[in-house]
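Summary of structural features
Chain by chain, the residues run as shown.
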Amino acid sequence: MEQRFGRVRAVLTVLAVWGVLAGGMAGGAPATAAGPSLRRSGALSVAPGVAYGEFRMTVPRGVVHGHLLTVDLGDPRVSVDLLYPGAVGARAPVSRLAAARGAVAAVNGDFFHITETQHPGVEATGAPDGPAVVSGRQLKAAVPDGQRFGPVLPPGASTEDVLGVGYDRRARLDRLTLRGVVLTPEGGLPLRGLNQYALPEDGIGAYTPQWGPASRERAVCGTDTERAAPCSTDTAEVTVRYGRVTAIEDDPGAGGVAAGSVVLVGREEGARQLRKLHLGEPLRVGYRLAGEGPVPLRFAVGGFPIVRDARPVAGLDTVAVAVRTAVGIAPGGRVLYLLALDGARGQTGLTVSELGDLMAQLGSEEAMNLDGGGSSTLVTDDGTGDGVVVRNHPSGGAERPVANGVGIFSLG
């Protein structure tokens, strides 16, 4: 009986969201929040536990057109997982990522290493800023705050912040911190990076086969506080295969990491420690992404918080207007709201502060801002069995290849 009432509450929550947007399902007056008006223009069931609809919001500078997915994690047929191109250092359009995994809906995910103008000759990797977890497998850790791409973080936020879903099937905002060690015959060395396009100063980072063929050269460029700072010249790279050192080089390399291998890249003090190793020496690498919640995360994607305790967080930007993507969590963690604004010509976007207000109004107890601008993309199943369709108009005129996405799955 308790489970049945829980499902009823989830359904009522979904209906309540659309009631807020429409001002009532039968043509009632639009809801308002701090002046702007919201009006729903349609809603449909994409799959069991997954609903899609559109809305328009009038703000003083124009009309905001948005697309919203409501996902019921209380439905045992529904799940959420990370979509990515099969390598951390790679990009692909959201529609392709969703189709490859059979997702019924998806939005784009984390901000990512989109360009590399500060360091001529160094390639952009396409890797995301923050931590990433797919199907319980920990793919990568966060770059230093000063190395990230994306809007300025609000006070107290970090590149370690994630939206995740635990093994208890509840969504939450969390913070994933890398805990790792390189065990050598002389003792342990701290591991401060995992499949990252930028390593902390004096640090050692591990690159696994999941990194892909992208160059590791960018890992030693910039500093913890300045992305554009010069690349370090005090570097080293060590290849470990089946627990033995098989190569020691001065510079970070490129090319895929073979199965059974891990490549260690060090800068400054980290490089000096790696250069003390010898060919054939035994070496082990251990790591985990430690969260603050009581249940491990099965899925996680990076971003930064914009709503906590049902209220927009302090210090959100009130100036820059852009097309944006966000994910909200209803109280209890059983309902997700995935939102992407439309980038068609003649429509306006939102500031991050306005986005926080909107996500709170939609019923989010917590919410996270994801990558926006030309990356903002929302796709759903097209209803014909032929795959997914892009519901919004990307602001660049076509889908932008992105580092990862939030995929929604339904077995119904």
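The protein is annotated in an unreviewed UniProt entry as Phosphodiester glycosidase family protein from Streptomyces bugieae.

**Observations regarding the pattern of salt bridges**
Scanning all chains against the criterion turns up 13 salt bridges. For Glu116, the salt bridge is made with Arg218, and the minimal N-O distance between the two is 2.7 Å. Of this pair, Glu116 sits in the loop between strand S5 (105-108) and strand S6 (132-134) while Arg218 sits in the loop between strand S13 (204-207) and strand S14 (235-241), placing them 102 residues apart in sequence. Taken individually, Glu116 and Arg218 each receive the classification buried, so the pair is uniform in this respect. For Arg308, the salt bridge goes to Glu366, with nearest N and O atoms at 3.8 Å. Taken together, the positions of Arg308 in strand S19 (residues 304-308) and Glu366 in strand S23 (residues 366-370) put the pair 58 residues apart, joining distant regions of the chain. Residue classification places Arg308 among the partly exposed residues on the basis of a relative accessible area of 34%. Through salt bridges that share partners, Asp234, Glu269, Arg272 and Arg275 make up one connected network.

**Concerning the sheet that holds S14**
Taken in spatial order, the five strands make up an open sheet running S12-S13-S16-S14-S15, and their pairing is mixed. Both edges of this open sheet fall to strand S12 (193-194) and strand S15 (244-249), since each of them pairs with a single strand only. Across five bridges, S14 lies against S15 in antiparallel orientation. Along S15, the bridge assignment pairs Val238 with Ile248.

Definitions and limits used
- Residues numbered from 1 in each chain as written.
- Predicted model: local features only at pLDDT ≥ 70, side-chain atom pairs only at ≥ 80, totals over all residues.
- Heavy atoms only, no water.
- Salt bridge = Lys/Arg side-chain N within 4 Å of Asp/Glu carboxyl O.
- Helix = DSSP H or I, 4+ residues; strand = E, 2+ residues; numbered from the N terminus.
- Buried < 20%, exposed > 50% of the residue type's maximum accessible area, 1.4 Å probe, protein only.
- Pairing = 2+ DSSP bridges.

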